Amino acid sequence: MVKFKNELIYFQILFAFLIPITPHLYISDNLQLDDIPVLVFFLLFICNIYLKNIKIVYFNKLLPIFIFTTYIFVQNIFINQIYLFTEGFRYLFYIALFVTLLNCEDLYKFDSLFKYLTIFVNIFSILFFILQINFGTDLYDYWKIGFNENQWVFTDGRMNGLQAGGPNAFGGLIVSLNLYCIANSNSLYTKFFIATGILACFFTYSRAALIIMVFSLVVYLFISKKLYEIVIVTITLLVTLNFGLIERISSEEETEGIQDRIEMQQAAITDLSERNIVNSLFGYGHGNFGIVRDEVRPILEFEEGLRPTGPHNSFLFIILDYGLIGLFLFFIIFLSPFLKFVKQFKNNLLKSEYLFLGSFVALAITGDFIQNHSVSVLFFLVLFKLQASYLNE
């Protein structure tokens, strides 16, 4: 019976791992393909509660994310006059995920799912970059799934994954997953993840992702005294020279990405400094404001054909949507694991969960990664898995 309980919980969590590799496509007018893993997850969550596989709530552990979720629902009612909204439901999903992990007896069992997912995204990126194959666009109708052609001199294109958000989001997903697996694998797997992870990340041509991956990896390997693996990092980077490594890092004339992000973040900071006290504290509400280059305005005021986004900084995005109070409540979710990290800094620096979380936070400063829930679902999964592991201490 205990084995059945563990298997059913394991099966439920499996569907959370499927979210980053399920495309955003229509199945019918009212159902999208990436809704399926979420719906099955909730169905199994209810089954696990009914079968008493999940029976302890640990409300003190859930309190920070419960308060943040309550806040964004209440804020949405006052600002948008809507009781139910997708962002709120996503955080209800995270609460259900946390409750499930808190009731799981074998958290290490999920490490195999991390490895399978990482192997899949690495091979997907490398293989379809070489073959230059894509599978069309998703419902956002912008980035293709797979190989995306471009006019850059140093490459014919760049890779995107099955998740939403484009190549930069795919690069970030690859970075965090590989760092987790490198710190949590035997010697052979470690070498595999280093070589394929760097190549897979590079073929997205995401500069921020590659810099964060190489820096984190070298620091981790140096502290771990794995000098042979540093040689593998060096050799793999030498391979990427043939695919435009130096040109991608140094060339701004062809890509213009960094300047766009600087303008967006500066525009967001300027807006925050100029808006009234109510909007500063409570935000504009989810989905109401967007940014195009150096302009922050209501999304409906942008000309048709423009694509308003966030400020390419997840924390500025939270302030725009939910205000300084929202950002404060969001940070409280991470207070306990952060204090644990500081308390045992030397040991935790090499821990797979903290490598994942640290790299993701670094990426969130350069992009709207936390708002991209097809990717951030793994961020919250790792965070809650880490907190659940503290119950056994």
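Attention in this report is confined to the structure presented alongside it. (Residues numbered from 1 in each chain as written. Predicted model: local features only at pLDDT ≥ 70, side-chain atom pairs only at ≥ 80, totals over all residues. Heavy atoms only, no water.)

1. Some remarks on the pairing of strand S3 (residues 134-137)
- Examined bridge by bridge, S3 and strand S4 (residues 144-149) share two bridges and lie antiparallel to one another. Across the sheet, Thr 137 pairs through a bridge with Lys 144, a residue of S4.
- What sits between the antiparallel neighbours S3 and S4 is a turn of six residues, in which Asp 141 has the positive phi angle 55 degrees. (Pairing = 2+ DSSP bridges. Helix = DSSP H or I, 4+ residues; strand = E, 2+ residues; numbered from the N terminus.)

2. Some details on the sheet that holds S3
- Taken together, three strands build an open sheet; the order of strands is S3-S4-S5 and the sheet is antiparallel. Edge positions in the open sheet fall to S3 and strand S5 (157-160), since each of these has one partner strand only. If you compare each strand with its neighbour and ignore which way they point, the axes differ by 45 degrees on average.
- Two elements, S4 and S5, share four bridges in a ladder whose sense is antiparallel. From the neighbouring strand, Gly 146 faces S5, where its bridge partner is Asn 160.
- Sitting on the sheet, helix H5 (residues 111-131) touches S3, S4 and S5, and the angle it makes with S5 is about 150 degrees. (Axes fitted to C-alpha atoms, helices over the stretch in contact; angles between N-to-C directions. Contact = heavy atoms within 4.5 Å.)

3. Things to note about a nonpolar patch on the surface
- Residues Ile 123, Leu 127, Ile 130, Leu 131, Ile 133 and Phe 135 make up a contiguous nonpolar surface patch of roughly 550 Å² in combined accessible area.
- In terms of residue count, H5 provides more of the nonpolar patch than any other element does, four residues in total.
- You can see Ile 130 is positioned in helix H5. (Patch = residues over 30% accessible without salt bridge, like charges linked within 9 Å, V, L, I, M, F, W, Y side chains within 5 Å. Areas by Shrake-Rupley, 256 points an atom, 1.4 Å probe, with all protein chains shown as cover. Salt bridge = Lys/Arg side-chain N within 4 Å of Asp/Glu carboxyl O.)

4. A look at the packing of helix H7 (residues 187-202) against helix H9 (residues 227-240)
- The contact between H7 and H9 brings their axes to 10 Å, and the two run at 25 degrees. Considered as vectors, H7 and H9 are oriented roughly parallel to each other. H9 is crossed by H7, and the crossing has right-handed handedness. Here Ser 187, Thr 190, Lys 191, Ile 194, Ala 195, Ile 198, Leu 199 and Phe 202 of H7 come into contact with H9, specifically with Tyr 228, Glu 229, Ile 232, Val 233, Thr 236, Leu 237, Val 239 and Thr 240.
- Across the contact of H7 with H9, the residue classes break down as ten nonpolar, four polar and two charged. (Parallel < 35°, antiparallel > 145°, perpendicular 65-115°, else oblique. Left-handed = near helix turned anticlockwise from the far one by under 90°. Nonpolar A, V, L, I, M, F, W, Y, C, P; charged D, E, K, R; others polar.)

5. Points about the pairing of strand S6 (residues 289-292)
- The pairing of S6 with strand S7 (residues 295-298) spans four bridges and is classified as antiparallel. In the strand pairing of S7, Gly 290 is matched with Arg 297.
- Counted along the chain from S6 to the antiparallel partner S7, the turn is two residues long, and its residue Arg 293 has a positive phi close to 55 degrees.

6. What to know about the packing of helix H16 (residues 352-366) against helix H17 (residues 373-389)
- At a closest axis distance of 10 Å, the pairing of H16 and H17 adopts a crossing angle of 140 degrees. For the element pair H16 / H17, the angle class is oblique. Handedness of the H16/H17 crossing: left-handed. Residues Glu 353, Tyr 354, Phe 356, Leu 357, Phe 360 and Val 361 of H16 form the contact with H17, whose participating residues are Val 375, Ser 376, Leu 378, Phe 379, Val 382, Leu 383, Lys 385 and Leu 386.
- Counted by class, the contact of H16 with H17 contains eleven nonpolar, one polar and two charged residues.

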